[in-house]
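Remarks on the overall topology
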Amino acid sequence: MTTTARRLEGKVALITGAARGQGRAHAVRLASEGADVIAVDVCAQPATTHYAGATPEDLAETVRLVEALDRRIVARQADVADFAALSAAVTEGVAELGRLDVVVANAGICSAGNSWEITLEQWNETVAVNLTGVFHTAKATIPTLLEQGTGGSIVITSSVAGLRGLPFLSAYAATKHGVVGYAKSLANELAQHSIRVNTVHPHGVATGMTVDDLGPLIAANAQTLAPIFMQALPDQVSQPEDIANAVAFLASDEARHITGIQLPVDLGTLIR
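Residues numbered from 1 in each chain as written. Predicted model: local features only at pLDDT ≥ 70, side-chain atom pairs only at ≥ 80, totals over all residues. Heavy atoms only, no water.

1. Section: the packing of helix H1 (residues 21-32) against helix H7 (residues 240-251)
This is how it is decided: Lines fitted to C-alpha atoms define the axes here, with helix axes fitted over just the stretch in contact, and angles between the N-to-C directions of these axes take values from 0 to 180 degrees. Only DSSP runs of H or I covering at least 4 residues are called helices, and only runs of E covering at least 2 are called strands; the numbering of each starts at the N terminus. For classification, angles of less than 35 degrees are called roughly parallel, those exceeding 145 degrees roughly antiparallel, those between 65 and 115 degrees roughly perpendicular, and all remaining angles oblique. Definitions for this section: a left-handed crossing has its near helix turned counterclockwise from the far helix by less than a right angle. A right-handed crossing has that turn clockwise. Note on contacts: a residue pair is in contact if any heavy atoms of the two residues lie within 4.5 Å. Ten residues, namely Ala, Val, Leu, Ile, Met, Phe, Trp, Tyr, Cys and Pro, are considered nonpolar, four, namely Asp, Glu, Lys and Arg, are considered charged, and the remaining ones, Gly among them, are considered polar.
It is at 8 Å that the axes of H1 and H7 come closest, and there the two elements cross at 50°. It follows from the interaxial angle that H1 and H7 lie oblique. For the pair H1 and H7, the crossing hand works out as right-handed. In this structure, H1 uses Gly-21, Gln-22, Ala-25, His-26, Arg-29 and Leu-30 to contact H7, whose residues at the interface are Pro-240, Glu-241, Ile-243, Ala-244, Asn-245, Val-247, Ala-248 and Ala-251. For the contact of H1 with H7, the per-class residue count stands at eight nonpolar, four polar and two charged.

Okay, structure coming up:
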């Protein structure tokens, strides 16, 4: 999308899961607002998902799109579940771009199954990326924000599943609920330093992260559990740019008095 606002001029934003989907949309939107970008993505196939992982070519396309907006970008392949690799990427990005102002902890994976039937591998990988990965992202970036002493904004991608017990997604829901609690604690701790921490909660988003193993489970329980997934607005899914709009707002000084909130961008799912 085209925007005339330049709310992030002179700022630097770190985005995880930046190779495609929501992460790419965040990178492009924040760059269009004037930010330089540190883009991190593992660019590999998760072991437990039915959809293909992002590729180095996907990350290169994010770089191209940001540079087309005349902004600088440092892109690194790193797994958020690997603190040493992620921390090195953050250090390199800050060294090249000079500072850090916005952190978007967006990397995540999803797979489906009855709660008692999901595998140990599914559980462990989902927790490692979606919950521990957020912890790693915060741990790798907050010291820089504190040292700079100029405040900042941390935005964490949660989900409708972070506010509702969506069936067949228990591992995912556990991690997305978990980041809400983590964000609330961070918001309290960091408020005195003018560092704000908020979560965004999408419903379905048109990205490459298609959970094909979810559909049959919903269909098999159409009369009992399928209505939990229904949205109120006519659109069936959001576009990545719809979520990026909310992230750009929370990252900007227009949201300077907003911290510790859970912002649904969910097509009205949670009002059902």
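There's plenty left to go through after this.
2. Section: the environment of Val-74
As a reminder of what qualifies: The classification of residues rests on relative accessible area computed with a 1.4 Å probe and restricted to protein chains. Under 20% of the type maximum is buried, over 50% is exposed, and intermediate values are partly exposed.
Relative to the elements of secondary structure, Val-74 occurs in strand S3 (residues 73-77). For Val-74, a relative accessible area of 2% gives the class buried. With 64 residues separating them along the chain, Val-74 and Ala-138 place their C-alpha atoms 19 Å apart. With residues up to four places along the chain from it excluded, the contact list for Val-74 reads Val-37, Ile-38, Ala-39, Gly-93, Glu-96 and Leu-97.

3. Comments concerning helix H4 (residues 120-148)
Note the following rule: The length a helix should cover is 1.5 Å for every residue beyond the first.
Given a rise of 1.5 Å per residue, 29 residues ought to cover 42 Å, and the 41 Å separating the end C-alpha atoms of H4 matches this to within 8%. Gly-149 sits one or two residues past H4 and shows a positive phi near 70°.

4. Here we look at the pairing of strand S4 (residues 102-105)
On a regular strand, one side chain projects to one face of the sheet and the next to the other, so that they alternate. Note the following rule: A strand pair is defined by DSSP finding two or more bridges across the two strands. Call a crossover right-handed when, viewed with both strands pointing away from you, the route from the first strand across the helix to the second goes clockwise.
Of the two faces of S4, the one carrying Val-102 and Val-104 and the one carrying Val-103 and Ala-105 are both buried. Inspection of the sheet shows strand S1 (residues 12-16) paired to S4 by three bridges, in the parallel sense. Directly across from Ala-13, in S4, lies its bridge partner Val-102. With respect to chirality, the unit in which S4 leads through H4 into the neighbouring parallel strand S5 (residues 152-157) is right-handed.

5. Regarding the pairing of S1
Counting buried positions over the five residues of S1 gives five, a clear majority of the element. Pairing of S1 with strand S2 (residues 36-41), which is carried by five bridges, proceeds in the parallel orientation. Residue pairing for S2: Leu-14 is matched across the bridge by Ile-38. Running through H1, the crossover from S1 to the neighbouring parallel element S2 is right-handed.

Keep in mind that these numbers describe shape and distance, not what the molecule does.
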